[in-house]
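Coordinates in review
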Amino acid sequence: MSIHLPQQSPSATTRVQPDRKVALPRDRPRRLRRTAALRALVRETRIDPAMLVAPLFVRSGRGLREPIAAMPGVDRLSPDEAALEVEALAGLGVGAVLLFGLPADKDLDGSGAWEADGVVQQALVRIRDLDVPIVLAADTCLCAYTSHGHCGPLLQDGTVDNDAALERLATTAVSQARAGADIVAPSAMMDGQVAAIRGALDEAGHTGTAIMAYAAKAASAFYGPFREAADSSPVFGDRRGYQMDPANGREALREMELDVAEGADILLVKPGLPSLDLVAAAKERFDLPIAVYQVSGEFAMIRAAADRGWIDGRRAMTEAVTSMVRAGAGIVVTYAAAELARWIAEERTGGTR
Ligand code: PBG
């Protein structure tokens, strides 16, 4: 490799040399950064494909792959295509998929979420049949299924009816478990949703179905592309009456505490990079697996800048996800799961470390 050093300016030769009588450092952290091999030896954090979760958007139909403009490389898939995608992800060693549904019809209640032949249920049944070694998780929420786009049925005043939402979320979780979900992931931010779901699952005999609780989920501007993908923007108002104020860290820990007490098996923090302090605090405080969600806007920002040539997309994506793991996450939900798994495999065989 030839290295081009910048030319010395002519005046440099006449410049006074610096005084060289400085004390030599005793500690030289640079010693361990000299070569790629040394850097690999001392690397503290590695991403393993088995810790990654790939979100998938499932729509109705057959043989359909519909691109999502704000999320290049992510498609809406019909259940048969979703099954093919899951097979490919399992082949890459990706740990889990997280299914989101786009129903053909929406209503005030969001009934498409718990129908036995709903899109997510159909996909789960198909994927189950493949018998591939990958964990199946289903997002348990109503916003993509309600005509108004909120995460539960509405009261007269237009706010979400918390306790009516609980029954519907519990019914949805049971229906997802019956269709084959290993994990249900309640993301509606309704008070008491984890307890309601745990109770309903147990009563229906699904004692082995785990709950990954979106324990601390902020009302984040970074969900923008997802709402296009899932067609789940609220028709009026916003989600600040149930999702958390991103300004509140102590309240986030209280939300996690409650979900632990209600029976959560995994605690999830969301969005990712904006919440690294919460990930670190959660790791310290709770002995459950901690998951983090690198959300649609975080993914889209990196992709958009990379597509313009402003940043190196591969390195930026790897750095962002590595930082989440360094902060304490043992599980990362990311739209880049397949890409990351491919890059990791390449590094292992090709030595581009
Ligand atoms: C459903 C849900 C949302 C996301 C995950 N589950 C949307 C929202 O709360 O508006 C966002 C995920 C992403 O942006 O990637 N409530």
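Residues numbered from 1 in each chain as written. Predicted model: local features only at pLDDT ≥ 70, side-chain atom pairs only at ≥ 80, totals over all residues. Heavy atoms only, no water.

Turning next to the overall build of the protein chain. Within the protein chain, the secondary structure is distributed over eleven helices and ten strands. Seen along its three principal axes, the alpha-carbon backbone of the protein chain occupies a region of about 80 × 45 × 35 Å. Burial status across the protein chain gives 50% buried among its 353 residues. Positive and negative charge centroids in the protein chain, built from 39 and 46 side chains respectively, lie 14 Å apart. (Helix = DSSP H or I, 4+ residues; strand = E, 2+ residues; numbered from the N terminus. Buried < 20%, exposed > 50% of the residue type's maximum accessible area, 1.4 Å probe, protein only. Lys, Arg positive; Asp, Glu negative; His and termini not counted. Charge placed at Lys NZ, Arg CZ, Asp CG, Glu CD.)

In this section: the pattern of salt bridges. Across all of its chains, the model carries 15 salt bridges by this definition. As a salt-bridge pair, Glu 66 and Arg 59 come within 2.8 Å of each other at their nearest N and O atoms. Ionic pairing is found between Glu 257 and Arg 285, a salt bridge with its closest N-O pair at 3.0 Å. With Glu 257 in helix H7 (residues 249–262) and Arg 285 in helix H8 (residues 276–285), this residue pair connects regions lying 28 residues apart in the sequence. The class of Glu 257 is partly exposed, set by a relative accessible area of 40%. (Salt bridge = Lys/Arg side-chain N within 4 Å of Asp/Glu carboxyl O.)

Our focus in this paragraph is the pairing of strand S9 (residues 290–294). The buried count for S9 comes to five of five residues, which makes it a mostly enclosed element. Burial along S9 is two-sided: the face carrying Ile 290, Val 292 and Gln 294 and the face carrying Ala 291 and Tyr 293 are both buried. Across three bridges, the pairing between strand S8 (residues 266–270) and S9 is parallel. The residue bridging Leu 268 from the neighbouring strand is Ala 291, located in S9. Traced from S8 through H8 to S9, the parallel crossover comes out right-handed. For S9 and strand S10 (residues 331–334), the ladder comprises four bridges, and the chain directions are parallel. Bridge pairing in S10 places Gln 294 opposite Thr 334. (Pairing = 2+ DSSP bridges. Right-handed = clockwise from strand over helix to strand, strands pointing away.)

In the region of the ligand, 18 residues are neighbours, and Arg 227, Gln 243, Lys 270, Ser 296 and Tyr 335 sit closest. A distance of 2.8 Å is found between an oxygen atom of the ligand and a side-chain nitrogen or oxygen belonging to Lys 217. Taking Arg 239, its side chain carries an N or O atom lying 3.0 Å from an oxygen atom of the ligand. When the ligand sits alone it has 400 Å² of accessible area, and the protein chains cover 100% of it. Partitioned by chemical class, the residues of the shell around the ligand number ten nonpolar, three polar and five charged. (Near = heavy atom within 4 Å. Polar contact = N/O pair within 3.5 Å; in protein donor to acceptor, adjacent residues only side chain to side chain. Areas by Shrake-Rupley, 256 points an atom, 1.4 Å probe, with all protein chains shown as cover. Nonpolar A, V, L, I, M, F, W, Y, C, P; charged D, E, K, R; others polar.)

What follows concerns the environment of Leu 124. Within the secondary structure, Leu 124 sits in helix H3 (residues 119–130). Under the relative-accessibility criterion, Leu 124 is labelled buried at 0%. As for Leu 124 and Leu 136, which are separated by twelve residues in sequence, their C-alpha atoms are 7.6 Å apart.

Attention shifts here to the packing of aromatic side chains. Applying the stated criterion across every chain, the model contains seven aromatic pairs. Chaining the aromatic ring pairs together yields one cluster made of Phe 57, Phe 100, Tyr 214, Phe 226, Tyr 293, Phe 299 and Tyr 335. The positively charged end of Lys 217 is found above the aromatic ring belonging to Tyr 223, 5.6 Å away from the centroid. Cation over ring: Lys 270 sits above Tyr 293, and NZ or CZ is 4.9 Å from the ring centre. (Phe/Tyr/Trp six-rings, centres within 6.5 Å; stacked < 30°, edge-to-face > 60°. Lys NZ or Arg CZ within 6 Å of the ring centre and 35° of its normal.)

Core analysis: the biggest nonpolar cluster contains 109 residues, and Phe 57, Val 97, Leu 98, Leu 99, Met 190, Met 256 and Tyr 293 have the highest contact counts within it. Excluding anything up to four places from it in sequence, Leu 99 contacts Leu 56, Val 58, Val 120, Ala 123, Leu 124, Ile 127, Ala 137, Ala 138 and Asp 139. (Core = buried A, V, L, I, M, F, W, Y, C linked by side-chain atoms within 4.5 Å. Contact = heavy atoms within 4.5 Å.)

Let us now look at a nonpolar patch on the surface. A cluster of nonpolar side chains, Leu 32, Leu 41 and Val 42, forms an exposed patch at the surface whose accessible area comes to about 290 Å². If you trace the backbone, Leu 41 turns up in helix H1 (residues 36–42). Using a relative accessible area of 68% as the deciding quantity, one classes Leu 41 as exposed. (Patch = residues over 30% accessible without salt bridge, like charges linked within 9 Å, V, L, I, M, F, W, Y side chains within 5 Å.)

We now examine the packing of helix H10 (residues 313–327) against helix H11 (residues 337–350). Viewed as axis vectors pointing N to C, H10 and H11 meet at an angle of 100°, and their least axial separation amounts to 11 Å. In terms of axis orientation, H10 runs roughly perpendicular to H11. Residue-level contacts link Gly 313, Arg 314, Met 317, Thr 318 and Val 321 of H10 to Leu 340, Trp 343, Glu 346 and Glu 347 of H11. Residue composition of the contact of H10 with H11, grouped by class: four nonpolar, two polar and three charged. (Axes fitted to C-alpha atoms, helices over the stretch in contact; angles between N-to-C directions. Parallel < 35°, antiparallel > 145°, perpendicular 65-115°, else oblique.)

As for its placement among the helices and strands, Gly 241 is situated in the loop between helix H6 (224–230) and H7. Judged by relative accessible area, Gly 241 falls into the exposed class, the value being 78%. Between the C-alpha atom of Gly 241 and that of Val 86, which follows or precedes it by 155 residues, the distance is 35 Å.

Another point: the environment of Met 51. With respect to the helices, strands and loops of the structure, Met 51 is situated in the loop between H1 and strand S1 (52–59). Leaving out residues up to four positions away in the same chain, Met 51 has contacts with Arg 46, Val 325, Ala 329, Gly 330, Ile 331 and Val 332.

With that settled, consider unusual backbone geometry. Residues Lys 270 and Pro 271 are joined by a peptide bond in cis, for which omega reads -5°. Locating Pro 271 in the fold gives a position in the loop between S8 and H8. Of note in this structure, Met 189 is not a glycine but carries a positive phi near 60°. Tracing the sequence through the fold places Met 189 in the loop between strand S6 (183–186) and helix H5 (193–203). Unusually for a residue other than glycine, Asp 231 sits at a positive phi of about 50°.

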